[in-house]
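In case you want the letters, here they are:
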Amino acid sequence: ALPTINGANLTGIGKLIKFATFTHDGYVSGDYRNAPDDITSGYQLINQSYTPAAADSTIVVFSSSLTICETTNQNNVFWLTLWNGTTFVSAVSGGGRYTSFKDYLNSATLNYIGSFSAGSTDARNIQMRCGGNTTSSTTVQINGNSQASYSGSSNRFTVFLAELAP
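Residues numbered from 1 in each chain as written. Predicted model: local features only at pLDDT ≥ 70, side-chain atom pairs only at ≥ 80, totals over all residues. Heavy atoms only, no water.

Undergrad: Residues and numbers for the overall build of the protein, please.
TA: Within the protein, the secondary structure is distributed over zero helices and 12 strands. Intrachain contacts of the protein at a sequence separation of at least 6 include 83% that bridge at least 24 residues. (Helix = DSSP H or I, 4+ residues; strand = E, 2+ residues; numbered from the N terminus. Contact = heavy atoms within 4.5 Å.)

Undergrad: Got a sec to walk through the sheet that holds strand β12 (residues 157–164)? Specific residues and values, please.
TA: Strand order in the open sheet formed by four strands is β1-β12-β4-β9, and the pairing between neighbours is antiparallel. Lying at the two open borders of the sheet, with one neighbouring strand each, are β1 (16–24) and β9 (113–117). The average angle at which neighbouring strand axes cross in this sheet is 20 degrees, direction not considered. (Pairing = 2+ DSSP bridges. Axes fitted to C-alpha atoms, helices over the stretch in contact; angles between N-to-C directions.)

Undergrad: Tell me about the nonpolar core, and name the residues and values.
TA: Counting residues in each nonpolar core, the largest one holds 28 residues, and the members touching the most others are L45, V61, L80, M128 and I142. The element that contributes the greatest number of residues to this core is strand β3 (residues 43–50), accounting for four residues. Ignoring any residue separated from it by four or fewer positions in sequence, one finds V61 in contact with L82, Y112, I113, G114, F116, M128, V159, F160 and L161. (Core = buried A, V, L, I, M, F, W, Y, C linked by side-chain atoms within 4.5 Å. Buried < 20%, exposed > 50% of the residue type's maximum accessible area, 1.4 Å probe, protein only.)

Undergrad: Would you mind going over the packing of aromatic side chains in detail, with residue names and values included?
TA: According to the stated counting rule, one finds four aromatic pairs in the structure shown. Judged by centre distance (4.9 Å) and plane angle (65 degrees), the ring pair of Y32 and Y43 falls under edge-to-face. With a gap of 11 residues between them, Y32 in the loop between β2 (28–30) and β3 and Y43 in strand β3 connect regions that are remote in the sequence. Per residue, the accessibility class of Y32 equals that of Y43, and both read buried. What links up through ring pairs into an aromatic cluster is the set F19, F62 and F160. (Phe/Tyr/Trp six-rings, centres within 6.5 Å; stacked < 30°, edge-to-face > 60°.)

Undergrad: Provide a residue-level description of the pairing of strand β7 (residues 87–94), including the pertinent values.
TA: As a general feature of sheets, a regular strand has side chains that alternate between the two faces. Sheet topology places strand β6 (residues 78–84) next to β7; seven bridges connect them, and they run antiparallel. Among the inter-strand pairings, W83 is bridged to a residue of β7, identified as F88. The antiparallel pairing of β6 with β7 creates a hairpin that spans two residues between the two strands, and G85 there sits at a positive phi of about 65 degrees.

Undergrad: Account for the environment of L45, naming residues and giving values.
TA: Tracing the chain through its elements places L45 in strand β3. Excluding anything up to four places from it in sequence, L45 contacts H24, L66, L80, M128, R129, C130, I142 and F157.

Undergrad: Give a detailed account of a nonpolar patch on the surface, specifying residues and quantitative values.
TA: A cluster of nonpolar side chains, namely L16, F19, F62, I113 and F160, defines an oily patch on the protein surface of about 500 Å² accessible area. Summarising the element assignment, L16 is placed in strand β1. The class for L16 is partly exposed, based on a relative accessible area of 43%. (Patch = residues over 30% accessible without salt bridge, like charges linked within 9 Å, V, L, I, M, F, W, Y side chains within 5 Å. Areas by Shrake-Rupley, 256 points an atom, 1.4 Å probe, with all protein chains shown as cover. Salt bridge = Lys/Arg side-chain N within 4 Å of Asp/Glu carboxyl O.)

Undergrad: Hey, could you go over the pairing of β9 for me, with residue numbers and the actual values?
TA: On β9, burial follows the alternation: G114 and F116 on one face are buried, whereas I113, S115 and S117 on the facing-out side are not. As paired strands, strand β4 (residues 58–63) and β9 are joined by five bridges and run antiparallel to one another. In the sheet register, V60 faces β9, and the bridge partner there is S115.

Undergrad: So what's going on with the sheet that holds strand β10 (residues 124–132)? Residues and values would help.
TA: One key point about sheets: their strands pair by backbone hydrogen bonds, in either a parallel or an antiparallel sense. As summarised here, the arrangement of the four strands in space is β3-β10-β6-β7, forming an open sheet in which the pairing is antiparallel. In this open sheet, the two strands that pair with only one neighbour each are β3 and β7. When strand polarity is set aside, the average angle formed by the axes of neighbouring strands in this sheet is 15 degrees.

Undergrad: Describe in detail the side chain of R33, supporting the description with residues and values.
TA: Checked against the element boundaries, R33 lands in the loop between β2 and β3. A distance of 2.7 Å separates the side chain of R33 from the side chain of D31, its partner in a polar contact. Excluding residues that lie within four positions of it along the chain, R33 makes contacts with S41, G42, W79, G132, T134, T135, S136, S137 and T138. (Polar contact = N/O pair within 3.5 Å; in protein donor to acceptor, adjacent residues only side chain to side chain.)

As structure tokens, this is what we get:
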């Protein structure tokens, strides 16, 4: 049997007061690049309205895996960002050592976990973007293989947003 846990002894963990999920389905290929902290950069995966339940809550965002690769050797790093309205929250980035890939065509699998203070109960768009960290024109492929045929949710990217009370 599992031990009983007294919830009164748990501190620093907020109560879940609201949650939402957002999805992006499908494979994408295009010139998606530049700096991750520029709201016009990269490809917009998610752009959904959200209204916090409480101004003093914390919004925590978790994403599923995202695969991203290049078709010409331009990028050695790819990124995935979160935006609270027009405010940059943070980014995750990475990629394997480019010399490990055939013809130096790099790829990465990225996941995002981050949080921010709601600050108000005003509606705002929650946005996630991804791209390559380069200024040179390049084609990146997102969540799929251009040589394969997919349907349904095979290429689904999912975001789970949890709003926690203080």
